[in-house]
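# Remarks on the overall topology
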Amino acid sequence: MEIVQKIYICCCWKIYNMKELLTRSLSGFLYVSILLVSIFVSKYTFIGVFFVFGMISIFEFQKLVHLKNKGLYIIFIVLLTLLNIFQNQSYLIIPILALTIITELFLVKDLVTIRIIPMYEKRKYRTSIFYLITSIIFLTLVPNYSGEYQPLIIAGAFLITWTNDSFAYLVGKNLGKHKLLQRISPKKTIEGFIGGFVFSILAGYLIAIFSNTLTISIWLIISIIMSIFGTLGDLIQSKFKRQAGVKDSGTIMPGHGGIYDRLDSVIFASPFLYGFLQILEHVS
């Protein structure tokens, strides 16, 4: 009788895991499909999808930091509109880009130096605006950095990020022995980070060869930016979730969590990527 019960429990567990895997796969496929279709259809479908993603991410982030303010949605809409219309106006773009990068660097400092990121009332608003909101907006500006919409640039950045995340997980799971930042994300390892970094470089190299967009050296630098700052973005979001005492930022994507969970890496890396592309554009 005891053996039968064990077999029954084992079968139920396998069925549950299969259902979880199927749910996660379908949810992830739908997310990637919507994202890629929006990128390649037109600039406006891409911005439209990220308008929706941005609104959801703001809602999810406010829950993490215990903030309720509808004004943040209005700020997002206004800045998204203004920065996309006046993208060529340096006097508007540069100060916001500088404030965003400074805000994110302070988050990195808090990540590695203190146990809890202090989120007093003013900092909640400052972080919401100059970390989350403006980073999402700079993500929408990336493919149009030269004044001409280039979908392969942003699609490549996402592909590199997904490659980094996937191989960091696979290498870390199979070879990981040394924790990267255990108090924040116990499952992340140094070996996993190195694995993700190496395969990101490989992904950048292949994109450069097959896309005929930017040079190999530029794509390799983009790979470095997306791997390093993407990992930092993931760790910072993990710290916010740990402080809030939750596993995921939301439940909109079954098996994956929230939209903010899926975008945390690329959101954090986007201002650094945009800044690099702008330097490249002005230098060339």
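Since the structure is predicted, the reported quantities are computational estimates derived from the model, not experimental observations. Every residue gets a number counted from 1 within its own chain, in the order that chain's sequence is written. Predicted model: local features are reported for residues with pLDDT of at least 70 only, side-chain atom pairs are reported and counted for 80 or more only, and whole-chain, interface and lining totals are derived from all residues. Water and hydrogen atoms were dropped before computing side-chain values, which therefore reflect all heavy atoms in the structure.

Let us look at the overall build of the chain. In this text, helices come from DSSP runs of H or I with a minimum length of four residues, and strands from runs of E with a minimum of two, each type numbered from the N-terminal end. The number of helices and strands found in the chain is 9 helices and 2 strands. Tracing the chain from N to C terminus, the helices and strands come up as α-α-α-α-α-α-β-β-α-α-α. In this setup the radius of gyration rests on C-alpha atoms only. A globule is expected at 2.2 Å times the number of residues raised to 0.38. Relative to the compact-globule value of 19 Å for 284 residues, the chain shows a C-alpha radius of gyration of 20 Å, a close match. The principal-axis extent of the C-alpha atoms belonging to the chain is close to 75 × 50 × 35 Å.

For His66, which is not glycine, the phi torsion reads 55° and is therefore positive. Mapping His66 onto the fold places it in the loop between helix H2 (43-64) and helix H3 (71-85).

Once that is clear, we can look at helix H7 (residues 190-211). To estimate the expected span of a helix, subtract one from its residue number and multiply by 1.5 Å. Along its 22 residues, H7 runs 31 Å from first to last C-alpha, staying within 8% of the 32 Å computed at 1.5 Å per residue. Any two residues whose heavy atoms approach within 4.5 Å at even a single point are treated as in contact. Here the buried face of H7 lies against helix H6 (151-175), strand S2 (185-189) and helix H8 (216-244).

On to the nonpolar core. Among the nonpolar cores identified, the biggest contains 72 residues, and Phe50, Phe158, Ile222, Met226, Phe240, Leu263 and Leu277 are the most heavily contacted of them. At 12 residues, the largest contribution of residues to this core is made by helix H9 (residues 259-283). Other than its neighbours up to four places away in sequence, Met226 contacts Ala157, Ile160, Thr161, Thr231, Val266, Ala269 and Leu273. Residues belong to a common nonpolar core when they are buried Ala, Val, Leu, Ile, Met, Phe, Trp, Tyr or Cys residues joined through side-chain atoms within 4.5 Å. Under the scheme applied here, a residue whose accessible area is under 20% of the maximum for its type counts as buried, over 50% as exposed, and between as partly exposed, the area being computed with a 1.4 Å probe on protein chains only.

Attention shifts here to the environment of Ile207. Within the secondary structure layout, Ile207 lies in helix H7. Sequence-wise, Ile207 and Tyr31 are 176 residues apart; in three dimensions their C-alpha atoms are separated by 21 Å. If sequence neighbours within four positions are ignored, Ile207 has contacts with Gly156, Leu159, Ile160, Asn212 and Trp219.

One ladder, built from 2 bridges, connects strand S1 (residues 179-181) with S2; its direction is antiparallel. Among the inter-strand pairings, Lys179 is bridged to a residue of S2, identified as Thr189. Linking S1 to S2, which pair antiparallel, is a turn of 3 residues. We treat two strands as partners when DSSP finds at least two bridges between them.

Attention now goes to the pattern of salt bridges. Should a side-chain nitrogen of Lys or Arg be within 4 Å of a carboxyl oxygen of Asp or Glu, the pair is scored as a salt bridge. Enumeration according to the criterion identifies 4 salt bridges in this entry. In this structure, Arg123 engages Asp110 in a salt bridge whose closest nitrogen and oxygen atoms are separated by 2.6 Å. Here Asp110 lies in helix H4 (residues 90-113) and Arg123 lies in helix H5 (residues 121-141), a separation of 13 residues in the sequence. Take Arg123 and Asp110: they sit in the same class, and that class is buried. Put simply, Lys188 and Asp234 hold a salt bridge, and the shortest N to O gap is 2.5 Å. Taken together, the residues Lys188 in strand S2 and Asp234 in helix H8 connect sequence positions 46 residues apart. Residue classification places Lys188 among the partly exposed positions, given a relative accessible area of 22%.

In this section: the packing of aromatic side chains. A pair of Phe, Tyr and Trp rings is counted when the ring centres sit within 6.5 Å of each other, with Trp represented by its six-membered ring. The angle between the planes then sorts it: under 30 degrees is stacked, over 60 is edge-to-face, the rest tilted. One pass over the structure, following the stated rule, counts 16 aromatic pairs. Taken together through their ring pairs, the aromatic side chains of Phe61, Tyr131, Phe229, Phe240, Tyr260, Phe268 and Phe272 make up a single cluster.

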